[in-house]
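So the chains spell out like this:
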Amino acid sequence: MFDFDRVTDRRGTWSVQWDGVADRFGVGELLPFTISDMDFPSPPAVLDALRARVDHGVFGYTDWRLGEFREAVREWSVSRYDTPLDISRLVYAPSVLSQLSQLLRMWTAPGDGIVVHSPTYDGFRKAVTGLGRELRGVPVGDEEALEAELARPDSRMLLLCSPHNPTGRVWREDELARFAALAERHGTAVVSDEIHADLVAEGRRHLPWSRFAEAGRGRRWAVVTSATKAFNFPALTGSYGIIGDPEEREAFVRRMETGEGLASPAVLSLTAHIAAYRRGAPWLDELRTYLAGTMRMVARRLADGLPEVEWTPPQAGYLAWIDLRPLGIDEDALQRELIGTEKVAVMPGGVYGTPGFVRLNVGCPRAKAERGVDALVRAAGRLRTR
């Protein structure tokens, strides 16, 4: 039903990924596989709704609690995740990171430890350290290290990425239950960023954190998420969250509306969310199938060109997190080859605290993804044989 092979020229649209490539890599005119947005237009249902709203022509102050927004979120939670949602518990903010920043201010103090899984999404790193908190990383899958960090007296928050960025890991039910038990044991607040949940691969299941938090006695927990990632409209802004404790929830809303001056959300964001959740599911399901095919292509080409890597597709998302350490390649040397010779931009693992990896964004038409992985294979192959 939908043509994901069609190329849309994003140059000249103020795109961070395309037009801003020189800011990050020092060179313009690179083919980018970087920041986590996609090269696909948003679903037709979303575009139709936006056109209708623009045609109305009046863009006065809005209130996200009026109209259909909260009900659309509730319907999506039930239909997609079999998780009931009391709409009175919702909060709204311009982005997931703005929610996180506000919760960090509410629940922690400068110098406190914020525990994350490493590699770590660089937006988390900037938010945590920018507010004077200490980022404490534990390797994905190392629960002994996780408990040790949470047990430290000044570790105040467990910041989950669920599914995990950049690895694409979908946390199992038993893992989430243990995280919840550890947080309760050590009195640690939990914030779960679930913006990648709608992009879980076939055969995997995302479990919202609210299922596990409700069973515990701790009151400081929140889920933060948005439709902007899966339906590809981040520039419209907009996110929503669930905060467990009613008093904490009201405090959050007051802070956003008074201290931050964000009482009126972007009306086109509300419009896009409602359309995505009510009429965008067929597009999303076809997108997930397309991305799965692209990931299989990446796996084949890596296996053929760099068999030492032994890469398998992620459990969620369109970000290929590739461990090149078996090749013994210097990260800086690889970046020089990718930029100078191959003319592509690929995110180095050091950005996420784990040198030796790369993060290749393949949320794009397959022909472009093929160019990216082939460039990576060639550049790594040249360095491997030196």
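The notes below deal with the structure included here. In this text the structure is predicted, and so the values were computed from the model without any measurement.

As for the pattern of salt bridges
Alright, step 1. On inspection of all chains with the given rule, the structure shows 32 salt bridges.
Alright, step 2. The partner of R10 in a salt bridge is D39, and the shortest N-O contact between them spans 2.8 Å. In this pair, R10 sits in the segment before α1 (21-25) while D39 sits in the loop between β1 (31-33) and α2 (44-56), placing the two residues 29 residues apart along the sequence.
Alright, step 3. Residue classification places R10 among the buried residues on the basis of a relative accessible area of 14%.
Alright, step 4. Residue classification places D39 among the buried residues on the basis of a relative accessible area of 5%.
Alright, step 5. Salt-bridge contacts for E257 lead to R65; the nearest nitrogen and oxygen are separated by 2.7 Å. On the criterion of sequence distance, the pair formed by E257 in helix α9 (residues 246-259) and R65 in the loop between α2 and α3 (69-81) is long-range, its members being 192 residues apart.
Alright, step 6. Through salt bridges that share partners, E143, R169, R172, D174, E175 and R178 make up one connected network.

Describing the pairing of strand β2 (residues 90-93)
Alright, step 1. Alternating residues of β2 divide into L90 and Y92 and V91 and A93, and every residue in both groups is buried.
Alright, step 2. Pairing of β2 with strand β8 (residues 239-243), which is carried by four bridges, proceeds in the antiparallel orientation. Bridge assignment links V91 to a residue of β8, and that residue is G241.

Some points on the sheet that holds strand β9 (residues 319-323)
Alright, step 1. Judged by pairing direction, the sheet is mixed, and its four strands sit side by side in the order β1-β10-β11-β9 without closing on themselves. Two strands in the sheet have a free side with no partner beyond their single neighbour: β1 and β9. Along the sheet, successive strands turn relative to each other by an average axial angle of 30°, direction set aside.
Alright, step 2. When β9 meets strand β11 (residues 357-361), the two strands line up antiparallel, connected through five bridges. Across the sheet, W321 pairs through a bridge with R359, a residue of β11.

A word on the sheet that holds β8
Alright, step 1. Strand order in the open sheet formed by seven strands is β2-β8-β7-β6-β5-β3-β4, and the pairing between neighbours is mixed. Since the sheet does not close on itself, it has two edges, and those belong to β2 and β4 (134-139), each with one partner. The sheet shows a mean angle of 25° between the axes of neighbouring strands, taken without regard to direction.
Alright, step 2. One ladder, built from six bridges, connects strand β3 (residues 113-118) with β4; its direction is parallel.

Some words on the nonpolar core
Alright, step 1. Counting residues in hydrophobic clusters, the biggest one holds 55 residues, and the most contacted among them are W209, F231 and L287.
Alright, step 2. Top contributing element to this core by residue count: helix α10 (residues 267-279), with six residues.
Alright, step 3. Not counting residues up to four positions away in its chain, the partners in contact with W209 are L160, L176, F179, A180, V190, S192, E194, W221 and V223.
Alright, step 4. In this structure, L324, A333, V346 and A375 belong to the second largest nonpolar core, which totals 33 residues.

The rules we used
Throughout this document, residue positions are counted from 1 along each chain, in the order its sequence is written. It should be noted that, the model being predicted, local features are given only for residues of pLDDT at least 70 and side-chain atom pairs only at 80 or more, the latter also being counted only at that level, while totals for whole chains, interfaces and linings use all residues. Hydrogen atoms and water are omitted, and side-chain values are computed over all heavy atoms in the structure. Whenever a carboxyl oxygen of Asp or Glu lies within 4 Å of a side-chain nitrogen of Lys or Arg, that contact is scored as a salt bridge. Runs of E in the DSSP output that reach at least two residues are strands. Runs of H or I that reach at least four are helices, and both are numbered from the N terminus. Relative accessibility under 20% of the residue-type maximum defines a buried residue, over 50% an exposed one, and the middle range a partly exposed one, all with a 1.4 Å probe and only protein chains included. Pairing between two strands is assigned when DSSP locates at least 2 bridges connecting them. Axes here refer to lines fitted to C-alpha atoms; in helices the fit is confined to the stretch in contact. Angles between the N-to-C directions go from 0 to 180 degrees. Nonpolar cores were defined as sets of buried Ala, Val, Leu, Ile, Met, Phe, Trp, Tyr and Cys residues, with membership established by side-chain atoms within 4.5 Å. Working rule for contacts: check all heavy atoms of both residues, and any pair within 4.5 Å makes them a contact.

Bear in mind that shape data such as this cannot, by itself, settle questions of function.
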